[in-house]
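Listed below, chain by chain, are the residues.
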Amino acid sequence: MDAVGQTLPEMTFSYSHIQCILYALGVGMSTKEPDHLKFLYENHGDFSVLPTFGVIPSQASMMSGGLSSVPGLNLDMTRLLHGEQYLEVYKPLPASGTLTSRASIADVLDKGSGAVILLDVHTYKEEELLCYNQFSLFIVGAGGFGGRRTSDKAKSTVDVPSRAPDAVVTDETSSNQAALYRLSGDWNPLHIDPDFAAMGGFKAPILHGLCSFGFAARHVLKHFADNDVSRFKAIKVRFVKPVLPGQSLQTEMWKEDNRIHLQCKVKETGAVVLAGAYVDLHGPAEVSPGTAPAEAGELQSDLVFAEIGRRLETMGSELVKKVNAVFLWEITKDGQPCSQWAIDLKSLPGSLVKGPYSGKADVTITISDQDFMEVVQGKLNPQKAFFEGKLKMKGNIMLSQKLDSLLKEHAKL
């Protein structure tokens, strides 16, 4: 078919942490769960973007009508069904930025009752490839043109093992789940308009397939990767049946090495909604906790910490009595960690440690070298820096007030 190999118009997608948080809420994350906070709070010390957010920048290629412009591809978009989805993430997704997606028709298959379009979308930040999606789109009534039924370019589904699952998670969707998820960019009225849904033969608006996809992926991420987004490699699913908002999704999971097979059901009916699915994980990072940050040349903050160290030699014991805490500073440059300093004001006589700290910090503070200097020089208010996301803290945040006053009083920075 002439359409194979054709490219779609390049699409750009600009976003901030707001879209990342909105997506996390759309796939069921909640502040009721403490381990969800890292995906919902932009100032969390380990704020992360769910890996399946990678479908959002790429779906613009499909939603913008670009498919209709491809020569040799005569489409009736009202007869399009989302059959399967594959997503591979090459590095953890940034919490903000402008991404570019380049889409092409990998193949067009003849299934008799319809045609399947394999749409490959590669998404970049500048020229760095972040993720790859393959949308498998079924066009009802478009088959019978004499084409091939299969393609070696298709990312295949895999049957689940014939044994009891290793883990089962049940999550209730809310009645507003589709209304919330659509705010991430899938504006199909099938998911919000009762009249439109009725025209499609549904008794009510249905949940987005990619919403169920997000639920299932985060179930795997939590149970088999401790919510470590750097361990997520890829996911493949086949969409089987619709879900109604308010129904409960039950994800059954089977672990085989670094592949987690899964299927997702509606608990109330037993109907399978995601089949032949799996998530591939990277193995746990083989990096010792004491690995040093990357070198970044001379830092302005080094001079400040050197002065703090000198003052601790004479005033350390006094500070330990007043503070009784360990503060770990993580200094970044150009978005990359490049230096660590631990101020131990818990153990006499008080000390300053440069590099990886083997003990337990009460408060960990992450800030760029430049912003650190502006805070020290009084040009940047620490509270303002925190609310703007320039300064991140985890641990006992209230202790930072002691550090702030003590630094001003004793370090005279």
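Presented here is a report on the structure given in the accompanying data block. (Residues numbered from 1 in each chain as written. Predicted model: local features only at pLDDT ≥ 70, side-chain atom pairs only at ≥ 80, totals over all residues. Heavy atoms only, no water.)

A separate point is the pattern of salt bridges. When their charged atoms lie close together, side chains carrying opposite charge are able to pair. In the structure shown here, the tally under the stated rule is 15 salt bridges. In this structure, the salt-bridge partner of Arg148 is Asp107, at a minimum N-O distance of 2.8 Å. On the criterion of sequence distance, the pair formed by Arg148 in the loop between β5 (128–140) and β6 (167–172) and Asp107 in strand β3 (residues 97–110) is long-range, its members being 41 residues apart. Of the residues examined, Asp107 reaches a relative accessible area of 4% and is grouped as buried. Put simply, Arg259 and Asp280 hold a salt bridge, and the shortest N to O gap is 2.7 Å. (Salt bridge = Lys/Arg side-chain N within 4 Å of Asp/Glu carboxyl O. Helix = DSSP H or I, 4+ residues; strand = E, 2+ residues; numbered from the N terminus. Buried < 20%, exposed > 50% of the residue type's maximum accessible area, 1.4 Å probe, protein only.)

With mixed pairing, five strands are arranged side by side in an open sheet as β13-β12-β11-β14-β15. This sheet does not close on itself; its edge strands, each paired only once, are β13 (351–354) and β15 (391–395). Within this sheet the neighbouring strands show an average axis-to-axis angle of 20°, counted without direction. Sitting on the sheet, helix α7 (residues 300–323) is in contact with β11 (325–333), β12 (336–345) and β13, with an inclination near 25° to β12. Lying over the sheet, helix α8 (residues 369–376) contacts β11 and β14 (363–368), oriented at roughly 105° with respect to β14. (Pairing = 2+ DSSP bridges. Axes fitted to C-alpha atoms, helices over the stretch in contact; angles between N-to-C directions. Contact = heavy atoms within 4.5 Å.)

Moving on, we get to the sheet that holds strand β1 (residues 11–15). Spatial strand order, β1-β3-β4-β5-β2-β7-β10-β9-β8-β6: ten strands in an open sheet with antiparallel pairing. With one partner strand each, in any of the chains shown, β1 and β6 form the two edges of the open sheet. Neighbouring strand axes in the sheet, compared pairwise and without regard to direction, differ in orientation by 20° on average. As paired elements, β3 and strand β4 (residues 114–125) share ten bridges and run antiparallel to each other.

Looking now at the pairing of strand β8 (residues 248–256). Burial runs high along β8: seven of the nine residues are buried. The pairing of β6 with β8 spans six bridges and is antiparallel. Across the sheet, Val169 pairs through a bridge with Thr251, a residue of β8. Pairing analysis gives eight bridges linking β8 to strand β9 (residues 259–266), with the strands arranged antiparallel. Looking at the pairing, Leu249 lines up with Val266 of β9. Taking the residues that link successive antiparallel strands as the turn, the β8-β9 hairpin has two residues, and the phi of Asp257 there is positive, at about 55°.

Here α7 crosses α8 at 50°, and the two axes come no closer than 8 Å. The angle between the axes of α7 and α8 places the two elements in the oblique class. Crossing handedness for the pair α7 and α8: left-handed. Residues Gln300, Ser301, Val304 and Phe305 of α7 form the contact with α8, whose own contacting residues are Asp369, Phe372, Met373 and Val376. Looking at side-chain class alone, the contact of α7 with α8 contains five nonpolar, two polar and one charged residues. (Parallel < 35°, antiparallel > 145°, perpendicular 65-115°, else oblique. Left-handed = near helix turned anticlockwise from the far one by under 90°. Nonpolar A, V, L, I, M, F, W, Y, C, P; charged D, E, K, R; others polar.)

Tracing the chain through its elements places Val353 in strand β13. Discounting chain neighbours no more than four positions away, the residues touching Val353 are Gln340, Trp341 and Ala342.

What follows is about α8. Where α8 is concerned, the buried positions are Asp369, Asp371, Phe372 and Met373. Summarising the contacts, the buried residues of α8 are in contact with α7, β11 and β14.

All right, on to α7 then. The end-to-end C-alpha distance of α7 is 26 Å, clearly below the 34 Å that 24 residues give at a rise of 1.5 Å each. Along α7, the sharpest kink reaches roughly 80°, centred on Met315. Ser301, Asp302, Val304, Phe305, Ile308, Gly309, Leu312, Gly316, Leu319, Val320 and Val323 are the residues of α7 that are buried. Remark: Asn324 follows α7 within two positions and exhibits a positive phi of approximately 55°. (Expected span 1.5 Å × (residues − 1). Bend = angle between axes of the 7 residues up to and from the residue.)

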